[in-house]
Amino acid sequence: MLRLISGELAPGRGRVTVEGTTRKLRQMAQVPVGETIADLMGLSAGLALLRKAEAGAASLDEIAEADWTLEGRAAETLARMGLCIALDAPLSSLSGGQRTRAALAGLLFAQPDFILLDEPTNNLDRDGRRALGDMLSGWRGGALVVSHDREVLDAMDAIVELTTIRAARYGGNWTAYRARKAIEQEAVERDLASAERHAADAGRLEQQRVERQQRRDAAGHRRAMRGDLPRILLGIRRDRAEKTGGEGARLFDKTRAEAEQSLADARSRVERIDPMRVELESSGLASGQRVLDIDNLDFGYRTGEPLFRDLELHFVGPERLAICGPNGSGKSTLLGLLTGRLAAWRGRATVHVPFSYFDQSVSLLDPHLTVGDNFRRLNTSLGEQDCRASLARFRFRADAADRRVATLGGGQLLRAGLACVLGGPRPPSLLILDEPTNHLDMESMAAVEAGLCAFDGALLVVSHDEVFLDAIAVSRRLDLAQI
């Protein structure tokens, strides 16, 4: 929908009318080689003209056209988004969160009438989220935000519920929308209960009519057999009974059809909500068992510039620990040290129990295999029936289990990974997750939260989503900014 509004796509039918200017937040999964902050903000041509003028190579017309306040205004806009960085800095040198902030600064600088934001909190740390919130609260133009971040949704003025057939607008924020949806659901469920009663009543009345008619027919037949009535009178009564019975049957058929149609209409309006309830096997992790230890650890990427110095962390039993800190503070680096992908300069990082590591691409799954094949690869002792049952608990039912992993969206991908790891006969004692809520839709969020809440082992998670951390009952936080 955002691409239709921004003009990147054309509708097959109908039209999209936009009055005024729009700018869309660019998603940057991959950064072009050599692209800079200035390129991202659309300032390269203006800066090149300034450099040309400073070098004395510009014409009088070009000097008159040059915006001599450009660099100062750009730096001020970047500072509003919490960035103090040169305009010629390459994007490849920035973290994902810093690139998102720079892209938001570009929107601010352009001052369009309407901004289009696609999942703006992906990769943002707490400071970045606050900067985004401040930006939106101070923005005087229009904003259309696609997000599954419940904190962001609670800051909106209205919620648009998009389905394949319609877009329904609800005034108020996410909390108000949920309350309104609950009221609507209660109303349609009452209508459904009423329609079910009417349909049952119609069926019961029809049965009673048929039984009365059968008793009358039986009584008439007995009188005819005894010869109590003249033959001509018996014929008249039989004709009258058949006519009355036919009219009654048509009336009851009409009543029953109307009741069944009302029931079908009521059922079509009911939103079937199937809450996630996940039951898992125990990880077997004892309350006093050592899970991991980090002792006197030093690490950095450049000699003489340690990212960590004398880092200590000890983890015992089924704790739930969140690793927090601003972008660039070393959260993913710490996970790399724990999982053995990086080697410490000094000290050690040791995991004492079986664990599964979920990076942001869920690379523990083979993208060329189906979800079911990945499950069987990771759980070789289980048969086909157990495989299907385990995947169904995470809503990979029937054909969904036969989809190739490479075709799954971000939320489906994490859900598939959890299904394959937690659905086995003995889940690992420790789960390590790096920004698991990025790209999750609401259904996948509910599935992931339900799965992690049902897991009885230890949990180590990097996330800036406080609502998610509260939902999975995180009991301790390690803030790398305070180390």
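Each remark here, short or long, concerns the structure printed above.
Summarised in this report is the structure supplied together with it. (Residues numbered from 1 in each chain as written. Predicted model: local features only at pLDDT ≥ 70, side-chain atom pairs only at ≥ 80, totals over all residues. Heavy atoms only, no water.)

A word on the packing of aromatic side chains
Taken as a whole and assessed by the stated rule, the structure comprises 4 aromatic pairs. Members of the aromatic cluster, joined through ring pairs, are Tyr170, Trp174 and Tyr177. The ring of Phe396 carries Arg415 above its face, with NZ or CZ at 4.6 Å from the centroid. (Phe/Tyr/Trp six-rings, centres within 6.5 Å; stacked < 30°, edge-to-face > 60°. Lys NZ or Arg CZ within 6 Å of the ring centre and 35° of its normal.)

Details of the pattern of salt bridges
All told, the structure shown has 24 salt bridges when counted by the stated rule. For the salt bridge of Glu161 with Lys181, the shortest nitrogen-to-oxygen distance reads 3.0 Å. Taken together, the residues Glu161 in strand β4 (residues 158–162) and Lys181 in helix α9 (residues 174–226) connect sequence positions 20 residues apart. Of the two residues examined, Glu161 and Lys181, each falls in the buried class. (Salt bridge = Lys/Arg side-chain N within 4 Å of Asp/Glu carboxyl O. Helix = DSSP H or I, 4+ residues; strand = E, 2+ residues; numbered from the N terminus. Buried < 20%, exposed > 50% of the residue type's maximum accessible area, 1.4 Å probe, protein only.)

Some words on the environment of Asp366
Examined against the element boundaries, Asp366 turns out to sit in the loop between β10 (355–358) and α12 (371–378). Along the chain, Asp366 and Val405 lie 39 residues apart, while their C-alpha atoms are 7.0 Å from each other.

Topic: the packing of helix α6 (residues 96–110) against helix α7 (residues 126–138)
One can describe the packing of α6 onto α7 by two numbers: an axis separation of 11 Å at closest approach and a directional angle of 15°. If you check the angle between α6 and α7, you find them roughly parallel. Considering the relative orientation of α6 and α7, their crossing is left-handed. Each of Arg101, Leu104, Leu107 and Leu108 in α6 lies in contact with α7, whose residues at this interface are Asp127, Gly128, Leu132 and Met135. Its residues placed into classes, the contact of α6 with α7 shows 5 nonpolar, 1 polar and 2 charged. (Axes fitted to C-alpha atoms, helices over the stretch in contact; angles between N-to-C directions. Parallel < 35°, antiparallel > 145°, perpendicular 65-115°, else oblique. Left-handed = near helix turned anticlockwise from the far one by under 90°. Contact = heavy atoms within 4.5 Å. Nonpolar A, V, L, I, M, F, W, Y, C, P; charged D, E, K, R; others polar.)

Some remarks on α6
Under the 1.5 Å per step criterion, the end-to-end length of α6 is 21 Å for 15 residues, consistent within 8% with the ideal 21 Å. Within α6, 12 of the 15 residues are buried, leaving the element largely enclosed by the surrounding structure. Among the residues of α6, Gly97, Arg99, Thr100, Arg101, Ala102, Ala103, Leu104, Ala105, Gly106, Leu107, Leu108 and Phe109 are the ones counted as buried. Looking at the packing, one finds that the buried side of α6 touches β1 (22–24), α2 (37–41), α5 (70–80), β2 (114–118) and α7. (Expected span 1.5 Å × (residues − 1).)

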